[in-house]
Structures are given as structure tokens and as C-alpha cells.
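A closer look at the structure
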There are 2 protein chains.
Amino acid sequence: MTDTVALIAEFTTRARAAARMLATLSTATKAQALRAAAEALRGAEPVILAANAVDMTKAAEAGLSGAMLDRLQLDAGRVAAMADGVAAVAGLADPVGAVIDETTRPNGLVLRRVRVPIGVLGIIYESRPNVTADAAALGVMAGNAVILRGGSEAIESNRAIHAAMVSGLVAGGVPVDAAQWVPVTDRAAVGAMLAADGSNGTGAIDLIVPRGGKGLVARVQSEARVPVLAHLDGINHVYVDGSADPAMAAAIVIDAKLRRTGVCGSMETLLIDRAFPDPHALIDRLVAAGCEVRVGPGLSDALPQATEADWDTEYLDAIASAALVDGVAGAIAHIARHGSHHTDAIVAADEAVATRFLGQVDSAIVLWNASTQFADGGEFGLGAEIGIATGRLHARGPVALEGLTTYKWVGLGTGQVRG
Amino acid sequence: MTDTVALIAEFTTRARAAARMLATLSTATKAQALRAAAEALRGAEPVILAANAVDMTKAAEAGLSGAMLDRLQLDAGRVAAMADGVAAVAGLADPVGAVIDETTRPNGLVLRRVRVPIGVLGIIYESRPNVTADAAALGVMAGNAVILRGGSEAIESNRAIHAAMVSGLVAGGVPVDAAQWVPVTDRAAVGAMLAADGSNGTGAIDLIVPRGGKGLVARVQSEARVPVLAHLDGINHVYVDGSADPAMAAAIVIDAKLRRTGVCGSMETLLIDRAFPDPHALIDRLVAAGCEVRVGPGLSDALPQATEADWDTEYLDAIASAALVDGVAGAIAHIARHGSHHTDAIVAADEAVATRFLGQVDSAIVLWNASTQFADGGEFGLGAEIGIATGRLHARGPVALEGLTTYKWVGLGTGQVRG
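Residues numbered from 1 in each chain as written. Chains lettered and ligands numbered in written order. Predicted model: local features only at pLDDT ≥ 70, side-chain atom pairs only at ≥ 80, totals over all residues. Heavy atoms only, no water.

Going by the annotation in an unreviewed UniProt entry, the name recorded for chain A is Gamma-glutamyl phosphate reductase, with Sphingomonas psychrolutea given as the source organism. As stated in UniProt under Function (unreviewed entry), the record for chain A gives "Catalyzes the NADPH-dependent reduction of L-glutamate 5-phosphate into L-glutamate 5-semialdehyde and phosphate. The product spontaneously undergoes cyclization to form 1-pyrroline-5-carboxylate." Of the comments in the UniProt record for chain A, the one headed Sequence similarities (unreviewed entry) reads "Belongs to the gamma-glutamyl phosphate reductase family." (UniProt positions renumbered as here; feature names shortened; annotations may be inferred.)

Written as C-alpha cells, this is what we have:
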């Protein structure tokens with residue numbers, strides 16, 4: 001066993017013990033601890049900013065890009081927002097202990113499915129130091145122990161944020177190992193976390209949540225022996241049906257693509273029904289709003305022509321592909337072939353057509369007459385999200401506190417035997 | 001790509017296409033198809049028994065054990081039971097399409113979580129040919145395509161059962177690829193199914209369900225790149241608290257251990273509170289009922305003494321280990337160390353003690369004053385079960401139709417943009 005593997009085994013063993021305690025804490029205790037952690041973050045602002053300055057200096061020396069430096073940088077406003085986020089999680093409804101359903105068997109045995117924490121979460125993230133606070137807050141509020149492994153470029157910022165969080169959490173009555181932070185930048189630590197499926201008998205990580213760019217998510221998904229909650233791509237489609245109101249279609253398409261182009265819920269491909277009255281006018285509106293549109297056959301010779309690769313590309317930029325399709329069946333077939341099971345929308349007046357699209361498009365989120373940019377835990381009313389999942393099991397779409405829980409069966413008897 | 005990998009890729013691609021159709025079928029169509037499949041099984045009884053005779057002859061020549069031969073053997077009663085089982089699944093409540101919850105956002109967007117099939121299930125099983133019918137019925141009723149890979153010793157039986165099932169399903173309006181059976185006994189086929197996580201772009205298996213002995217489950221869990229729904233061990237405990245009624249305790253302990261010793265819900269370890277009035281009398285009752293009891297320190301010198309390995313052993317036989325513990329805390333600690341997260345029970349009159357046990361024992365099923373032998377989908381009122389899962393995510397304990405579904409978010413708008 002290498003030192004790093006031994007280190008992670010130690011973390012998971014401690015986390016498992018903390019998880020057993022966390023599972024029994026009251027909502028009030030968890031909420032109080034998170035409010036104390038928020039206060040501790042506010043109080044530690046000078047320390048956090050000083051630590052961040054060390055990271056920023058090193059990052060600038062190392063020649064990190066402007067975008068990366070922006071993600072890494074903290075200021076008073078960002079620290080306050082981080083603290084506000086932690087305090088907001090304290091106000092969310094606690095899913096733990098909720099009775100999902102209950103039946104009484106003919107023999108009198110009462111069977112309940114009761115929500116319980118998942119156990120131990122591994123959070124693997126990159127340069128944004130706020131994840132240290134956000135992910136710890138969501139994990140702990142749902143009764144889970146979290147093991148945080150941030151990017152090496154943010155090590156001093158993360159150390160300071162973690163120290164403040166833990167001081168608040170402990171003051172509020174949460175075990176010290178509820179939110180552990182891995183202080184080594186060795187890449188093998190990530191590998192050890194991804195392999196921590198409990199088969200070595202030292203406890204395990206129950207769920208890995210990667211927070212970062214596509215490279216990180218791809219590595220995590222390909223290496224992990226532990227279940228992963230994530231999405232790799234957001235190749236999202238808006239299908240404009242022949243029955244769509246053209247003004248509504250233009251408003252939704254422009255918002256879906258351009259409101260923010262760098263978010264996972266942005267539209268990448270516009271599918272237009274051949275029966276839609278004026279596809280060119282719709283595309284012109286999108287171009288006029290500042291989008292490069294790469295078109296498939298039958299649209300415009302004056303615009304860039306899409307290649308086969310365009311249909312599988314997540315631009316995350318003011319670029320979209322656009323294709324004519326044969327009605328809703330054509331749209332469903334295109335999405336089945338090129339989609340990434342994230343968020344797809346239909347604009348249509350015809351309810352039967354919309355119902356077919358919503359039923360047959362196999363994505364975590366399907367929308368009728370609304371922008372794909374609503375793919376967000378806050379917009380869904382979940383209060384916060386740990387991420388958006390495109391896998392098929394456990395939790396899909398925006399995942400918040402409930403998605404960080406599972407259930408157990410609790411049977412209440414009066415001496416029943418099966419006999 | 002080897003031939004076997006190519007073969008499984010072909011199966012998964014067809015299954016994915018079938019799954020898209022299955023997801024849209026009405027409950028009535030699925031139920032009608034399953035009833036037709038049950039009829040087809042009844043009609044094919046002579047063919048199935050003839051095929052089974054071929055398997056039995058080969059198995060006897062190969063020197064299979066009596067227990068294996070019994071699992072393999074079919075007769076008219078077993079074929080009828082298989083058909084009845086398929087018909088019974090047709091009568092279960094269909095989870096697909098159920099609205100789990102619905103909210104209306106301040107902007108008017110209606111958000112529903114709607115149950116949908118998981119997609120493609122891989123069933124990997126051993127000598128019992130009835131799994132071919134049972135697993136296909138449950139999978140299809142929940143709207144999933146299934147890929148069935150049975151044991152080589154049952155190949156002719158499985159071929160005949162599968163042919164009958166498919167003829168009925170197709171007559172009832174279900175796609176022919178809804179239930180595919182892998183006709184090769186090559187072990188590499190199992191490896192290819194376990195690796196079918198979709199990364200090769202040819203479709204994938206969404207969930208593997210192993211049905212068989214510990215060797216099979218262990219192989220599947222250690223090799224799979226696809227999520228697995230299973231339990232490896234059922235090291236189940238009954239804790240008898242000091243507050244327990246001695247007569248109830250004896251009845252539950254004897255039932256939990258001895259009703260059937262070979263099932264995964266049987267008790268393997270008896271934990272007795274030091275405050276319980278007469279632990280020796282309780283153990284004597286178990287011994288008198290025909291159980292070998294291996295005891296820990298402080299119990300009886302006249303009985304076999306448990307070694308450390310006994311606490312981690314699933315006997316699946318008329319053998320149990322027994323230990324004295326320091327109250328409910330001692331029981332919880334013992335189970336945390338040695339349990340397998342399957343089914344654990346407490347016998348107690350003290351509600352506070354029971355509540356603590358039910359809350360802190362981290363198993364899929366926890367029971368108060370009831371036998372662990374209730375760990376069964378039928379006993380839980382689920383009608384049937386595909387298996388019992390001890391993992392933490394998605395579905396735990398007995399898994400039936402609902403556990404073979406997931407959900408999607410469906411948003412109904414009137415032109416909302418995020419703006």
C-alpha cells in the first residue's frame with residue numbers, strides 16, 4: 001500500500017465513523033452547525049483572502065490562463081457569497097428521516113421506507129475554492145461525511161476555507177471528521193478515492209461527485225470503481241415543431257443559446273421541423289443576436305455548413321448547429337443519436353406532439369415551451385445543487401439534498417415470525 | 001474486438017432500440033404480453049421438459065452435485081409455477097408514468113418527476129432456468145429491455161423457455177428484442193456484459209442483476225463497469241435487548257435462524273444483551289430446535305466456542321454464532337463491524353432502545369420485534385422481487401418493479417425564458 005492509498009484509507013475510515021454520528025443528528029443541530037460555519041467563514045475572511053493571495057501569486061507565476069485565475073480568485077464579495085450559500089443550505093428542508101411510504105402487511109408488520117444519508121461522499125474538484133464550502137454544506141446537511149479533494153492551485157485557499165468551515169461545524173455539534181479535506185496535491189490521491197469501493201475493508205466512499213471541467217469528469221467516470229454523480233456533456237437540443245408559435249420559438253431559442261453560453265444547460269443544437277413556416281427567419285434571429293450558426297442541408301448556403309462532428313459538439317460558446325428534421329419523430333431520432341441525456345426542449349402548440357417528445361426523449365430533463373437554461377437546481381426550487389446528473393440511476397437532473405440521501409426499510413413488528 | 005464482444009455489442013444495440021419502444025407501451029399492452037407469455041410457457045411445457053431432459057443428462061454425466069441438479073431440474077409443476085409467476089407480474093401495479101412529485105415555480109413552469117424505465121438490464125444467472133422467465137417478466141413489465149445470460153448447464157432449458165416467452169411477448173405487442181437471450185456459454189460473454197458501460201458508443205447495459213451463488217455475485221461486483229444490483233452476503237443479526245420478552249425473543253430467534261437456513265434473510269449471529277435475564281435458556285432453545293450454536297466469551301463452556309472468523313461467516317446452514325454485548329450500543333457496534341448491510345433485527349420492549357437500533361444500524365432492512373426471514377419482496381407486499389440489494393444507491397432491500405425504474409424531470413412551460 002502506498003502512502004497515498006494509506007492516507008485515503010485513513011480518511012475513509014474516519015469518514016465512516018463520522019457518517020454514523022451524522023446520520024443521527026437532528027435537523028436543528030445540522031442547521032445550527034452550518035450557520036456557525038457560515039459565521040466562521042465571515043470571521044476568517046482576512047485569513048482566507050491572505051491564503052488566496054498566496055495561491056494567486058503562484059498561479060500567475062505558473063502562467064495559468066485568465067479564466068483559471070478568475071475561477072481561483074476570491075475577494076470580500078466572493079467570501080460573503082460563500083458564507084451566504086452555507087447559511088442558505090441550513091434553511092433547506094432536511095430530507096433525512098422522511099417516510100417515503102408506509103404499508104401495513106396482513107400480519108400486522110408495518111413497513112416504512114425512511115430516507116437516510118448515503119454515507120460518505122468524495123468531492124473531487126478543480127480551481128474554484130468555493131466548492132470546499134458549498135459541497136461540505138450540502139453533504140453535511142443531508143447527513144453525509146464528505147472527503148474534499150480540491151485542485152493543487154487552490155491549496156492554500158482550500159486549507160483556510162476548510163479550517164473555518166470545520167471550526168464552525170464542530171462548534172455547532174458536528175463531528176470533526178464530517179468534512180475532511182485532503183491536503184496532498186498528489187494525483188494518486190484522486191485515484192485512491194476513485195478506487196475506494198470498500199473492498200479493502202477499511203471503509204469506503206459511497207459516491208463520488210466531480211466538480212470541474214470535462215477533463216476531470218471524464219477521468220473520474222473512466223477510472224472510478226465507486227458510483228459517480230455527474231454529467232460529462234450537455235449537448236442540449238431545442239426542437240421547434242411546425243405547430244410552434246414563431247415568436248415564442250425565437251425567444252426560447254435565443255435564451256437557450258445565448259443567455260449564458262458557458263453553462264451546461266445551454267442549447268447546442270437547434271432542430272427545426274420541415275413544417276415550421278420560416279426556419280430561415282428563426283435562424284436569422286439567432287444570428288442577429290450574436291450567434292454563429294452552422295447549418296445542415298436545406299437551410300442556408302450563406303451560413304457555415306455543419307459537419308458531422310458538429311452534431312456531437314458542446315460548444316459552450318456563442319455557436320450553435322441547426323438542422324431541419326422530419327417532425328417530432330425526426331427530432332427524437334436525432335436526439336437519440338447525438339444527445340447527451342442532459343436537457344432537451346420542444347417548442348410546440350400541439351399537445352400530442354409535445355407529449356410524444358416528452359415521453360420519448362430519454363434525457364434527465366425534458367421541457368415543453370421553456371428554455372433549456374432552466375436546467376439548474378435553484379431554478380427547479382431545490383435551493384441549491386451539488387450538480388446535474390445524466391446517469392440513469394439514483395438521482396437525475398439537478399441533484400440537491402434529497403439526491404444525497406438513500407433509504408432503508410424499517411419494519412415495526414409485534415413478534416411476527418414467518419413460520 | 002473479439003467475436004463475443006461484438007456479439008454483446010449487437011445485443012445491447014438492439015436492446016436499446018427495444019427499450020425506447022418499451023418505454024412508451026401502455027400498462028395494458030405490457031400486461032397482455034406477459035399473460036400471452038405465460039400461456040406460451042404453458043403450451044410449451046413438453047418442449048421445455050424435453051430440453052430440460054437434455055440438460056439434466058449432460059449435467060449428470062458431468063457429475064454435478066445433487067443440489068445443482070435439483071436447481072436445474074424442471075417438471076410439470078415447476079413449469080406451471082413459472083407461468084403463474086409471469087402471469088402474476090402482469091397483475092402488478094405499473095410504476096412507469098407515475099408522477100413522483102410536482103411543483104409549480106413562481107414563473108409558472110410546472111415541474112414533475114415522472115417514473116421511467118431504467119432502460120437495458122443485464123441478467124446474469126446460474127443453473128435455475130426459471131430466472132429466464134421471472135427476470136424477463138419483471139424487466140419488461142417495468143418497461144426495460146433485458147439481456148439474459150444463463151448458465152451453460154441450463155442452455156437447452158433456457159433456450160426453450162426464452163423461445164416460448166418471446167413468442168408470447170411478441171404476440172402481445174412487445175418488441176422481439178425486449179427479452180434477448182445470449183446463446184453462447186463462453187465466459188467472455190459475461191465479461192463483455194459487465195464492461196458494457198456505453199463507452200464504445202454502441203449502446204450499453206444500464207444495470208446488471210446477478211442471480212446466483214456468492215461466487216457469481218463476487219465476480220460480477222468485482223469486474224463490473226456497469227452498476228450492479230445485488231447482495232453478496234446476508235450476515236444478519238438478531239439483537240435481544242434486556243427489555244425483550246423472553247418468549248417473543250425465542251420465537252423470533254428460532255424462526256430467523258431455522259425456518260429456512262439457506263435463504264439470504266436467515267440470522268447468522270445472535271447478539272444478547274448482558275442485561276437479558278437468561279441468555280443460556282435462549283441459546284438452549286435454539287440448540288434444542290436443532291441449531292449448532294458457536295458462542296463467544298461468557299456464554300457456555302459446553303458449546304463450541306466461536307472464533308473471530310465466525311462473526312464474519314454466513315453459514316446458510318443450521319449453525320449460528322452467539323455473543324453477549326453491552327446493550328444496544330454494543331449490538332450496533334458489533335453489526336457495524338461484522339454486518340453485511342442486509343437485514344438486522346432487534347427484539348425489545350423498550351421503544352427508545354428500538355428506535356436507536358433502527359436509526360443507527362446501517363442496513364437495507366432493519367426490523368423491530370420481527371424475524372429476519374421477512375426479508376423478501378413477496379413478504380414486503382411487492383408482489384415479486386428481482387433480488388435484494390445491499391448497495392447504498394438507487395434501490396435497497398427487496399427490489400421489485402419500482403426499483404427497476406428511474407425518473408426524468410418533465411417541465412411544462414408557456415414560453416418561459418430565464419432571461
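**Let's talk about the sheet that holds strand S3 (residues 120–125) of chain B**
Residue and element names in this part refer to chain B. The parallel open sheet is built from four strands, whose spatial order is S5-S4-S3-S6. Two strands bound the open sheet, and with one partner strand each, they are strand S5 (179–181) and strand S6 (207–211). Here the average twist between neighbouring strands, direction ignored, is 20°. In the sheet, S3 pairs with S6 via five bridges, with the strands oriented parallel. (Pairing = 2+ DSSP bridges. Helix = DSSP H or I, 4+ residues; strand = E, 2+ residues; numbered from the N terminus. Axes fitted to C-alpha atoms, helices over the stretch in contact; angles between N-to-C directions.)

**Concerning the relation of the copies chain A and chain B**
You can overlay chain A on chain B at an RMSD of 0.0 Å; the transform is a turn of 180° with a shift of 0.0 Å along its axis. A rotation of that kind, with that shift, is consistent with a two-fold axis. For chain A, the smallest separation between a C-alpha atom and the rotation axis is recorded for A:His394, amounting to 2.0 Å. When the interface residues of chain A are mapped onto chain B, 100% of them are again interface residues, pointing to one common binding face. (Least-squares fit on C-alpha atoms with pLDDT ≥ 70 in both. Contact = heavy atoms within 4.5 Å.)

**A short note on empty space enclosed by the protein**
In this structure the tally under the stated criterion is two cavities of 30 Å³ or more. Every residue along the wall of the largest cavity is listed here: B:Gly150, B:Gly151, B:Ser152, B:Ala154, B:Ile155, B:Asn158, B:Trp181, B:Val182, B:Pro183, B:Val184 and B:Thr185. Of the residues that constitute the lining of the largest cavity, the class distribution is six nonpolar, five polar and no charged. Forming the boundary of the second largest cavity are A:Gly150, A:Gly151, A:Ser152, A:Ile155, A:Asn158, A:Trp181, A:Val182, A:Val184 and A:Thr185. Class assignment of the residues belonging to the lining of the second largest cavity gives a composition of four nonpolar, five polar and no charged. (1 Å grid on protein atoms, 1.4 Å probe; cavity = no way out; pocket = protein on both sides within 12 Å on 5 of 7 lines; lining within 4 Å. Points joined across faces, edges and corners; volume = space filled by probe spheres on them. Nonpolar A, V, L, I, M, F, W, Y, C, P; charged D, E, K, R; others polar.)

**Structural notes on the pairing of strand S7 (residues 236–240) of chain B**
Each regular strand shows side chains that alternate between the opposite faces of the sheet. Residue and element names in this part refer to chain B. Counting buried positions over the five residues of S7 gives five, a clear majority of the element. Neither face of S7 is left uncovered, since the one carrying Asn236, Val238 and Val240 and the one carrying His237 and Tyr239 both have all their residues buried. As paired strands, S7 and strand S8 (residues 267–273) are joined by five bridges and run parallel to one another. Within S8, the position partnered with Val238 by the bridge is Leu270. Chirality of the crossover, the property in question, places the unit of S7, helix H10 (residues 246–258) and S8 among those that are right-handed. As paired strands, S7 and strand S11 (residues 343–347) are joined by four bridges and run parallel to one another. Each residue of the ladder has a partner; that of Val238, found in S11, is Ala345. (Buried < 20%, exposed > 50% of the residue type's maximum accessible area, 1.4 Å probe, protein only. Right-handed = clockwise from strand over helix to strand, strands pointing away.)

**Focus: the packing of aromatic side chains**
Summed over all chains, the structure comprises six aromatic pairs over all chains. With 6.3 Å between their ring centres and 85° between their planes, A:Tyr407 and A:Trp409 make a pair best called edge-to-face. As far as the burial class goes, A:Tyr407 and A:Trp409 line up, both buried. Of the aromatic side chains, those joined through ring pairs into one cluster are A:Phe380, B:Tyr407 and B:Trp409. (Phe/Tyr/Trp six-rings, centres within 6.5 Å; stacked < 30°, edge-to-face > 60°.)

**Details of the pattern of salt bridges**
Residues and elements named next belong to chain B. Tallying each qualifying case throughout the model produces 48 salt bridges over all chains. Lys30 is the salt-bridge partner of Asp94, the closest N and O atoms lying 2.9 Å from each other. Here the residue Asp94 occupies a position in the loop between helix H5 (76–90) and strand S1 (99–104), and Lys30 occupies one in helix H2 (residues 27–43), the gap between them amounting to 64 residues. Taken as a pair, Asp94 and Lys30 share a single burial class, namely buried. A salt bridge links Arg115 to Glu402; its shortest N-O distance comes to 3.2 Å. One end of the pair, Arg115, is in strand S2 (residues 110–117); the other, Glu402, is in the loop between strand S14 (397–399) and strand S15 (405–416), and 287 residues separate them in sequence. (Salt bridge = Lys/Arg side-chain N within 4 Å of Asp/Glu carboxyl O.)

**A look at the interface of chain A and chain B**
Every contact between the two is made by 68 residues of chain A and, on the other side, 68 residues of chain B. For the pairing of chain A and chain B, the buried interface totals around 5600 Å² over both sides, and the portion due to carbon and sulfur atoms is 53%. A:Arg113 is the salt-bridge partner of B:Glu402, the closest N and O atoms lying 3.0 Å from each other. At the level of secondary structure, the elements contributing two or more residues to the side of chain A that touches chain B comprise strand S2 (110–117), helix H9 (214–223), helix H10 (246–258), helix H13 (351–360), strand S12 (365–370), strand S14 (397–399) and strand S15 (405–416) of chain A. It is S15(A) that contributes the most residues to the side of chain A that touches chain B, eleven residues altogether. (Buried area = accessible area lost by both parts, 1.4 Å probe.)

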